[in-house]
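Read off the chains here:
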Amino acid sequence: MEEELLSEKKNDMPAEDIELVRRQYKELEDKFLRLAADFDNYRKRMVREIEELKDIIRVELIRTLLPILDDIERAFYSIPEDSNTNIREGIEMVMKNFQNWLLDQGVKTIEISDNVFDPRYHEAIVIEESKDIEEDKIEELRKGYLLNDRVIRPTMVKIIKRVKEGE
Amino acid sequence: MAKVIGIDLGTTNSVVAFVEGGKPTVIPNAEGSRLTPSAVAFTQDGQILVGQLAKRQAILNPERTILSIKRHMGTNYKVRIDNKEYTPQEISAMILRKLKEDAEAYLGEKIEKAVITVPAYFNDAQRQATKEAGIIAGLDVMRIINEPTASALAYGLDKEGSQTILVYDLGGGTFDVSILEIGEGVFEVKATSGDTHLGGDDYDQRIIDYLIEEFKKKEGIDLSQDRMALQRLKEAAEKAKIELSTLMSTEINLPFIAATQHGPKHLSITLTRAQFEAMTRDLTERTREPIYRALSDAKLDPSKIDKILLVGGSTRMPAVQRLVKEIFGKEPRKDINPDECVALGAAIQAAVLAGEIRDIVLLDVTPLSLGIETLGGIFTKIIERNTTIPVSKSEIFTTAADNQTSVEIHVLQGERPMAADNLSLGRFILDGIPPAPRGVPKIQVTFDIDANGIVHVSAKDLATNREQRITVKGGTGLSKEEIERMIREAQAHAEEDKRRREEAEARNQLDGLIYTAEKLAKDAVGKVGQDLIDNLNKTIEEVKSADKTGIDKIKELTNKLNDAIYKVSTELYAKAGTQQTSSNPSGEQQNPGGGTIDTDYKVQ
């Protein structure tokens, strides 16, 4: 079809012009397809990004609230167990409410029970050596949190390295 | 064709960007962050960690964690890990590889080509090493460009003719000044200077030191010995620094920062911007000398600098901006995110080299909104300003009066809510509309702006397919100044315009209600008490003849008429029982209906 059209016009159009038009057509078609593909990819990514954005906004909000929970926990643990139980209980309830809210949001605490340092989940800020332990261990200094397997804040840990007697 | 990227391979942080639809955009890393720490770590079990993860384990593994490798580029420096030696380019390649792979994951495409930036003072060996790092990372390095050049590209200065610019780049740990001459798209570095150990981290440290000192004075406790407390101080100091860029003072509250046998101790200090600036004045002042040195090397007077660009996160501090303004006597440019500016410019250079920019169809936008006049002299926008053209948009309108057989389409351009305040582009009449009650005919009005900015407006009666059209040539042929003036005026009159529009809308609503009331008065004859109908008719006459100026007066009349309608309809429905449902006498369906000649209202 294209051939036919071109051959018809051959009479009044020099071959080099046809070649030029053909090339320009190809270029334009290419440009158009690229733009269309770019846009389609953009659209797809936007859909994905909007979904992710919801998570990011939540993560950012939760992240800014965590230091306040840290402080409430510090307050709670600084009250001696044998002191005025009503105040202690009250603060504990405030703390529990906050912790439960985090759970409702799908936020989980990072566990360090396996005692193995993992930079994906832990941030080391202190190193100590000890002769009294069998294996290296880690100690939690500040809780870390996860949302949908994404680290909102890594657990801040102290690393205790085992040293042999006499070293 | 695979995407090309631009990489700002920094001393403390790196950033990667690409161009999409002609605009550079930063690509977040796998952890969701736009900045990737330039840190590499070799774990005991043979893994290589890059970025945030490498930093988190740095203290555990200090001799196997490499920070600021950029300082060693182009030297014979080697990193020795487990009897294997790594060159600085091999370490840098690990950072580049992570940036590349994260970008590939984000874009869902393979990336082969990149432009990487280096400081303007880098020598050939350093540039060569940077290029090699790219090659080791599996990148085809299209070009190594200077960081200040990238910044100038990000600001589009290459398109602004010949000029001399100074780039002031104060990052996390280094300070660079560069003077560039731009002409004919060529960038020439005239002079560079700086301080290789000055940056935002120094400012944080000053706040930390101050907090420790104050706490010691008050409580007698030295927090610098407590790692956990130090960590909290560090986070609080950075937060305070950032806040003081926008606020005049900030509160630093760290409860339970220490414990003694007398109980817990809290740190609570208010830090003002003035205090912060006083305690960091010498740091800011340290940038002054390198500026003068660069100026003197370039044999230039501060007045000969056409533009100053602020780059690097620390230039967000007002004291830094003041210093620059004081030296040059003019406002520096700082509208592009200073953390991302270099990477964005690198991405632009990459796209230009890959021929992508040339392929970009330059898209224009409509500088002002376009629309038509509707009932009550209201300007109804069809195409909002800043819409990318070519574009086509339709809306359905209807008649304002019973048996109205023609509508006038008045095409306008502008931002004011009332038609009379905007620029008239033309008008035409669509007639031959079959007689029907108001609100029934459907008239589709279509605005089409072609690639040349020519506006075609058509109106079509969907019942008969009768159509009229108008073409406005040079519809956007206003000068830049005229357009700016119109936008300014719209802003200046926003309040009063809003009131006028509300009044017009209220009046339209009242007109619609009168129409509804008249219909109801006819329909209800014989179905409800004649006294109620008489009352309704009386109220209609009163409302019709009343003076309808001022929104309060209109609302009062609307309420009065609603009351009369309500009395009739209540009795009507009470009598009709439950078998009949409402015919919606409220009038909201009619919205801005009624009126005189050819006005219309929006259906959707």
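A brief look at the structure comes next.

Reading the values: rules and limits
Residues numbered from 1 in each chain as written. Chains lettered and ligands numbered in written order. Predicted model: local features only at pLDDT ≥ 70, side-chain atom pairs only at ≥ 80, totals over all residues. Heavy atoms only, no water. Contact = heavy atoms within 4.5 Å. Buried area = accessible area lost by both parts, 1.4 Å probe. Salt bridge = Lys/Arg side-chain N within 4 Å of Asp/Glu carboxyl O. Polar contact = N/O pair within 3.5 Å; in protein donor to acceptor, adjacent residues only side chain to side chain. Helix = DSSP H or I, 4+ residues; strand = E, 2+ residues; numbered from the N terminus. Nonpolar A, V, L, I, M, F, W, Y, C, P; charged D, E, K, R; others polar. Buried < 20%, exposed > 50% of the residue type's maximum accessible area, 1.4 Å probe, protein only.

### Observations concerning the interface of chain A and chain B
With 30 residues of chain A in contact, the opposing surface of chain B contributes 25 residues. Together chain A and chain B conceal approximately 2500 Å² of surface at their shared face, both sides included; 58% is due to carbon and sulfur atoms. Taken as a group, Arg74(A), Pro119(A) and Ile125(A) account for 21% of the area that chain A buries against chain B, more than any other trio of residues on that side. Our count for the chain A to chain B interface comes out at 3 salt bridges. As a salt-bridge pair, Glu20(B) and Arg45(A) come within 2.9 Å of each other at their nearest N and O atoms. At the surface where chain A touches chain B, the tally comes to 10 residue pairs in polar contact (both at pLDDT 80 or more). Here the side of chain A that touches chain B takes 13 residues from helix α2 (residues 15-78) of chain A, the largest share from any one element. Residue composition of the side of chain A that touches chain B, grouped by class: 14 nonpolar, 3 polar and 13 charged.

### Looking at the pattern of salt bridges
Counted by the stated rule, this structure contains 56 salt bridges over all chains. Taking the shortest distance from any N to any O, the salt bridge between Glu19(A) and Arg22(A) comes out at 3.8 Å. Of this pair, Glu19(A) and Arg22(A) both sit in helix α2, 3 residues apart, which is roughly one turn of the helix. Given a relative accessible area of 27%, Arg22(A) falls into the partly exposed group. Lys100(B) serves as the salt-bridge partner of Glu104(B), at 3.4 Å between the closest nitrogen and oxygen. One end of the pair is Glu104(B) and the other is Lys100(B), both in helix α2 (residues 88-107) and 4 residues apart, which spans about a single turn. Exposure class is identical for Glu104(B) and Lys100(B). Each is buried.

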